[in-house]
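Chains, contacts and geometry: an overview
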Amino acid sequence: MIRITQLKLPIEHTREELTEKIAKTLRCGKLPFTYEIRKQSLDARHKNEKKFVYTVDVTVADEKKISRKVYNNNIMLTKEKPYCFPAPGEECLKYPPVVVGSGPAGLFCAWYLAKAGYCPLVLERGEEADKRKETVDRFWHDGILDPDSNVQFGEGGAGTFSDGKLNTLVKDPFGRGQEVLRRFVEAGAQEEILYQQKPHLGTDVLIGIVQTMRRQIEEMGGSFRFRSKVTDLHMENGELKSVEINGEERIPAQVCVLAVGHSARDTFAMLHKRGLFMEPKSFAVGVRIEHPQKLINMDLYGEEENDILGAASYKLTHTCQNGRGVYSFCMCPGGYVVNASSEPESLAVNGMSYQARDSQNANSALIVTVTPQDFPTEGALGGIDFQRNLERAAWRLGNGRIPVQLFGDYKKHIPSTKLGEIAPCMKGGYTLADVRSILPKEIGDSIEEGVLAFGRKLDGFDREDALLSGVESRTSSPVRITRDKELLSNIRGIYPCGEGAGYAGGITSAAMDGIKVAEAIGRTYSL
Ligand SMILES: Cc1cc2nc3c(=O)[nH]c(=O)nc-3n(C[C@H](O)[C@H](O)[C@H](O)COP(=O)(O)OP(=O)(O)OC[C@H]3O[C@@H](n4cnc5c(N)ncnc54)[C@H](O)[C@@H]3O)c2cc1C
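A brief structural summary. (Residues numbered from 1 in each chain as written. Predicted model: local features only at pLDDT ≥ 70, side-chain atom pairs only at ≥ 80, totals over all residues. Heavy atoms only, no water.)

**Side note on the site of the ligand**
Which entries qualify depends on this criterion: Whether a residue is near a molecule or strand depends on its heavy atoms: it is near if one of them lies within 4 Å of it. Polar contacts, as used here, are pairs of N or O atoms within 3.5 Å; protein pairs need one atom able to donate a hydrogen and one able to accept it. Residues neighboring in sequence count only if both atoms are side-chain atoms. Areas reported as accessible are Shrake-Rupley estimates using a 1.4 Å probe. Residue values count occlusion only from the protein chains shown. Put simply, DSSP marks the helices as runs of H or I at least four residues long and the strands as runs of E at least two long, and each gets a number from the N terminus on.
Taken together, 37 residues form the shell around the ligand, and within it Ala-105, Glu-124, Ala-158, Glu-499 and Ile-507 come nearest. Glu-124 has a polar side-chain atom sitting 2.5 Å from an oxygen atom of the ligand. Gly-164 is positioned such that a nitrogen or oxygen atom in its backbone is 3.1 Å from an oxygen atom of the ligand. Contact with the protein chains covers 97% of the free accessible surface of the ligand, which is 1,000 Å². Mapped by element, the contributors of at least two residues to the shell around the ligand are α3 (104-115), β17 (349-352) and α12 (507-524).

This is how it looks when you write it as structure tokens:
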């Protein structure tokens with residue numbers, strides 16, 4: 001194939017115009033060819049001439065001759081490297097591998113194990129997707145929290161009620177990232193995610209996708225059990241023997257994939273007690289900020305709306321005078337701030353949007369890195385104590401509703417009493433309050449400095465009535481469960497996996513880690 005990069009066309013271009021541009025670039029006249037778009041990114045530096053920039057792979061006769069004729073830095077011969085799962089190992093597997101958690105890591109691990117014939121058993125503490133959605137809607141409407149089935153826990157994991165952004169910075173030499181996107185397309189996602197610079201699915205699409213993948217896994221011999229929380233592990237001589245479900249049932253197990261996510265605090269405590277090596281890990285905390293989406297579109301596109309580009313997204317970072325970094329995270333264009341709590345009398349926020357990204361507000365987390373030095377207690381679980389202290393303060397401040405503060409009041413350290421022009425776009429009740437009072441001083445100061453700095457980059461970002469809500473505390477796992485180069489923990493048979501174990505951050509990288517762990521199991525065990 002011939003790969004062409006840096007192919008630029010106005011955003012309003014048609015498919016035919018792209019085809020013509022390719023033919024012109026290859027000077028191949030009427031010679032028939034086919035092509036696949038590999039990448040599409042947006043160049044909006046010149047707001048009146050916004051362009052899409054493409055990388056395409058072209059299949060045409062005599063490609064060597066053509067590429068020699070038109071050779072330059074943006075045109076080269078290329079070869080597709082298909083993804084391949086390893087051949088089965090030698091060690092005999094007496095029982096089906098157990099996968100704990102049906103988030104992206106667990107789901108993709110189970111998918112590739114099932115495809116390879118290992119008939120995995122997936123244990124999920126929460127409900128299957130449809131029931132879970134009802135439970136989450138009830139929580140957002142009435143404030144009734146189910147600690148085992150909520151925005152963090154249930155079929156599809158934490159990512160199900162999200163914006164479903166799929167971009168990741170993880171390197172992909174083995175093609176696992178492309179595999180993840182292909183699986184999503186096979187399960188119902190739109191083809192464009194295969195090449196968009198910032199692909200996203202939206203909650204409304206994600207729910208269907210995780211259910212389809214479950215059915216595919218079941219058709220390939222796997223099985224799922226919901227409302228099945230792993231409450232204990234039994235080991236002998238440093239080797240796994242069985243897992244306990246819901247504090248009562250024991251099932252024999254030789255292999256167990258721990259894909260429990262960043263919020264499984266009770267499970268982390270159990271694993272720590274059972275002697276799994278784990279360490280405290282840095283993460284980030286802060287607030288979520290809301291602006292009118294039209295303001296962000298104007299800043300980034302030079303127009304309030306653009307039907308082709310949809311809602312604009314931003315990524316901002318700033319290093320504060322106190323040396324801490326503050327940055328935007330998990331930005332949700334045309335989205336909602338959600339009550340993403342999973343523990344009673346604790347409140348954590350996050351963001352989500354539907355595929356259309358059509359709410360009136362843009363929101364994102366504004367967060368500051370915290371390290372074990374910031375944690376109130378020593379040891380592997382210190383970060384959980386740090387999160388809990390913040391979340392309990394947020395719950396008390398809002399009396400169970402999301403506390404919200406205008407930036408003007410935030411700067412004055414006073415509670416807000418009335419809104420400005422911006423109305424909150426939220427899932428879950430809210431109350432006006434002094435959000436800054438929840439945060440440790442250095443974090444609170446860093447966020448103020450950050451918003452002012454971002455206001456110099458994006459006009460209106462630091463307006464007095466911008467809305468801040470809190471607390472954003474579940475940005476990644478507070479622990480890392482140690483694993484060796486075979487991806488095994490210090491207990492033989494146990495494979496820490498995904499975000500909760502400290503090896504991923506986000507839907508795609510968690511899914512990629514799930515595939516990686518499935519490969520490690522495949523390389524070791526025979527069918
Ligand atoms: C509201 C929200 C929005 C987000 N938006 C995005 C986004 O747009 N893009 C992005 O890339 N990332 C986003 N994220 C982060 C993303 O969801 C996570 O990075 C990803 O889901 C991690 O995948 P995982 O499989 O490692 O863990 P999780 O998705 O957290 O899944 C872990 C699963 O394990 C289950 N579990 C836990 N303990 C047990 C137990 N003891 N027994 C049985 N089951 C158990 C849980 O119920 C859960 O279903 C968002 C997260 C949230 C909460």
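**Considerations on the sheet that holds strand β11 (residues 256-258)**
We count it as follows: Pairing between strands requires that DSSP locate at least two bridges from one strand to the other. Helix axes use the C-alpha atoms of the stretch in contact, all axes being lines fitted to C-alpha atoms, and the angles between their N-to-C directions lie in the range 0 to 180 degrees. The criterion used for residue contact is that any of the two residues' heavy atoms lie within 4.5 Å.
If you trace the 5 strands from one edge of the open sheet to the other, you get β7-β6-β5-β11-β24, paired in parallel fashion. Pairing within the sheet leaves two strands with one partner each, and these edge strands are β7 (223-225) and β24 (494-496). Geometrically, the sheet is characterised by an average inter-axis angle of 20° between neighbouring strands, direction not taken into account. Set on the sheet, α3 makes contact with β5 (98-100), β6 (121-123), β7 and β11; between it and β5 the angle comes to about 160°.

**What about the pairing of strand β19 (residues 402-406)?**
On any regular strand, side chains alternate: one points to one face of the sheet, the next to the other face. Counted only if it meets this: Whether a residue is buried, partly exposed or exposed follows from its accessible area with a 1.4 Å probe, protein chains only, as a fraction of its type maximum: under 20%, in between, or over 50%, in that order.
β19 sits mainly inside the fold: 5 of its 5 residues count as buried. In this structure, β19 lies alongside strand β21 (residues 430-432), joined through 3 bridges in parallel fashion. The residue bridging Val-404 from the neighbouring strand is Leu-432, located in β21.

**Points about the pairing of strand β9 (residues 239-245)**
Counting buried positions along β9 yields 5 of 7 residues, so the element is predominantly enclosed. Pairing of strand β8 (residues 230-236) with β9 involves 6 bridges; the strand directions are antiparallel. Along β9, the bridge assignment pairs Asp-232 with Glu-244. Between β9 and strand β10 (residues 249-252), which pair antiparallel in sequence order, lie 3 residues; one of them, Asn-246, sits at a positive phi of approximately 55°.

**Here's the deal with the layout of surface pockets**
This is how the line gets drawn: Both site types are read off a 1 Å grid over the protein atoms alone. A 1.4 Å probe that fits but cannot get out defines a cavity, while an open set with protein on both sides within 12 Å along at least five of seven lines defines a pocket; lining residues have an atom within 4 Å of a point. Grid points are joined across faces, edges and corners, and a volume is the space filled by probe spheres set on the points.
In this model, the second largest pocket occupies a volume close to 1,200 Å³. Surrounding the second largest pocket, 43 residues form its lining, Arg-38, Lys-39, Asp-172, Gly-177 and Gln-178 being those nearest its centre. Residue assignment for the lining of the second largest pocket shows that the elements contributing at least two residues are β1 (2-10), β2 (33-43), β3 (51-60), α5 (176-186) and α12. Ranked by residue count, the leading element in the lining of the second largest pocket is α5, at 6 residues.

**Some details on α3**
Because each turn of an α-helix spans 3.6 residues, side chains separated by three or four positions in sequence point in the same direction. Note the threshold: Working rule for helices: expected span equals 1.5 Å times residues minus one.
With 12 residues, α3 should cover 16 Å at 1.5 Å per step; its first-to-last C-alpha distance of 16 Å lies within 8% of that length. Among the 12 residues that make up α3, 11 are buried, leaving the element largely enclosed by the rest of the structure. Residues Pro-104, Ala-105, Gly-106, Leu-107, Phe-108, Cys-109, Ala-110, Trp-111, Tyr-112, Leu-113 and Ala-114 constitute the buried set of α3.

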